[in-house]
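Each chain, letter by letter, is given below.
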Amino acid sequence: MTDTRLQPGDILPKVERHLIALDSAVERAAADAGLAPTLLDLIKLRVSQLNGCSYCVDMHSRDARKGGESERRVFLVAAWRETELYTEPERAALALAEAMTRLPEFRDVPDDVYQQATAAFTEQQFAVIAWAVTAINAWNRLGVLGHMELPDNPA
């Protein structure tokens, strides 16, 4: 984008640090709950795709690759329902992530999606996934609002 927009995190860095702290807490809780970091990467990537946040799509696709995800699974996460590349728990997490992200559109997390997720994960794991989805949605909204630019030389 060629326009320069205000960045809420630059204006209120103390508030942004709380969102960063939430991310760190979610990652620690995920590890404590036995969730693979790559599952969180897939969730963050898919939610970012739905929200149209190019900055976050770029970052989380690279994070997933660095974390050991195959290129194929990273590329196809947008079409996860149409492939057998994802496990049942991953499918449950992605369905929950999509439903939570589309709340403004559908105003509900369907019972079947909720039941699939609660059957696939422990209560602690389910809660971690819900918090992860909540956090990435917040980041996406800030990224889209500010037209966050892609890094020139991504690591």
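Just above sits the structure.
Per-chain numbering applies: the sequence of each chain, read as written, is numbered from 1 onward. Thresholds applied to this predicted model are a pLDDT of at least 70 for local features of residues and 80 or more for the giving and counting of side-chain atom pairs; totals over whole chains, interfaces and linings are not thresholded and use all residues. Side-chain numbers here rest on the full set of heavy atoms in the structure, without hydrogens or water.

A.B. asks: Kindly report on the overall build of the protein chain, identifying the contributing residues and their values.
C.D. replies: To qualify as a helix, a DSSP run of H or I must reach at least 4 residues; to qualify as a strand, a run of E must reach at least 2; elements of each kind are numbered from the N terminus. Across its full length, the protein chain carries nine helices and zero strands. Since a compact globule built from 155 residues should have a radius of gyration of about 15 Å, the 15 Å found for the protein chain is in line with a globular shape. Taken along its principal axes, the extent of the C-alpha atoms in the protein chain is 45 × 30 × 30 Å. Looking at the protein chain as a whole, 39% of its 155 residues are labelled buried. Within the protein chain, counting contacts between residues at least 6 apart in sequence, those at least 24 apart form 70% of the total. Charge counting follows a simple rule: Lys and Arg are positive, Asp and Glu are negative, and His as well as the terminal groups are ignored. For the purpose of locating charges, the reference atoms are NZ of Lys, CZ of Arg, CG of Asp and CD of Glu. Treating the 16 positive side-chain charges of the protein chain as one cloud and the 23 negative ones as another, the clouds have centres 3 Å apart. As a reference, a globule follows 2.2 Å times the number of residues to the power 0.38, and the radius of gyration itself is taken over C-alpha atoms. Accessibility here uses a 1.4 Å probe with only protein chains present; expressed as a share of the type maximum, an area under 20% marks a residue as buried, one over 50% as exposed, and anything in between as partly exposed. Whether two residues are in contact is decided by their heavy atoms, any of which lying within 4.5 Å being enough.

A.B. asks: A description of the pattern of salt bridges should follow, citing residues and the corresponding values.
C.D. replies: The term salt bridge refers to a side-chain nitrogen of Lys or Arg lying within 4 Å of a carboxyl oxygen of Asp or Glu. One pass over the structure, following the stated rule, counts seven salt bridges. Here R91 ties to E88 by a salt bridge, and the two come within 3.9 Å at their closest N and O atoms. With R91 and E88 both in helix α6 (residues 88-101) and three residues apart, the pair spans about one turn of that helix. In this structure R91 comes out as buried when scored by relative accessible area, which is 13%. Residues joined by salt bridges that share partners form a network here, namely R46, R81 and E98.

A.B. asks: Account for unusual backbone geometry, naming residues and giving values.
C.D. replies: Positive phi, normally seen in glycine, also occurs at R107, with a value near 60°. Counting through the fold element by element, R107 comes out in the loop between α7 (103-106) and α8 (111-120). The class for R107 is exposed, based on a relative accessible area of 68%. For H147, which is not glycine, the phi torsion reads 50° and is therefore positive. Its place among the elements puts H147 in the segment after α9 (123-145).

A.B. asks: Just give me the short version of a nonpolar patch on the surface, but keep the residues and values in it.
C.D. replies: Residues with no salt bridge and a relative accessible area higher than 30% make up the patches, which join like charges within 9 Å and nonpolar side chains (Val, Leu, Ile, Met, Phe, Trp, Tyr) within 5 Å. The Shrake-Rupley method, run with a 1.4 Å probe sphere, supplies the accessible areas, and residue values consider only the shown protein chains as cover. On the surface, L6, I11, L12 and V15 cluster together to form a nonpolar patch covering roughly 430 Å² of accessible area. Mapped onto the elements of the fold, L6 is located in the segment before α1 (8-11). Overall, L6 belongs to the exposed group, its relative accessible area being 67%.

A.B. asks: Go over the side chain of H60 with me, naming the residues and quoting the values.
C.D. replies: Turning to its location among the elements, H60 is positioned in helix α4 (residues 54-66). Note on H60: relative accessible area 6%, which makes it buried. Dropping the residues within four chain positions of it, H60 is found in contact with D41, K44, L45, S48 and I136.

A.B. asks: Quick one: what's the story with helix α3 (residues 37-51), residue by residue and with numbers?
C.D. replies: Expected helix span is given by 1.5 Å per residue-to-residue step, counting one fewer step than there are residues. With 15 residues, α3 extends 21 Å between its outermost C-alpha atoms, agreeing within 8% with the 21 Å of an ideal straight helix rising 1.5 Å per residue. Of the residues making up α3, those classed as buried are T38, L39, L40, D41, L42, I43, K44, L45, R46, V47 and S48. Looking at the buried residues of α3, the elements they touch are α2 (13-33), α4, α5 (71-76), α6 and α9. G52, located one to two residues past α3, shows a positive phi value of around 70°.

A.B. asks: Explain the packing of aromatic side chains residue by residue, including any values.
C.D. replies: Between two aromatic rings, the relevant description is the distance of the centres plus the angle of the planes. Whether two aromatic rings pair depends on their centres lying within 6.5 Å, for rings of Phe, Tyr and Trp, where Trp uses its six-membered ring; planes under 30 degrees apart make the pair stacked, over 60 edge-to-face, and the rest tilted. This model, assessed by the stated rule, comprises one aromatic pair. Measuring from ring centre to ring centre gives 5.5 Å for Y114 and F126, while their planes differ by 80°; the resulting arrangement is edge-to-face. Of this pair, Y114 sits in helix α8 while F126 is found in helix α9, placing the two residues 12 residues apart along the sequence. A relative accessible area of 19% means that F126 is categorised as buried.

Shape descriptors only; they carry no functional weight alone.
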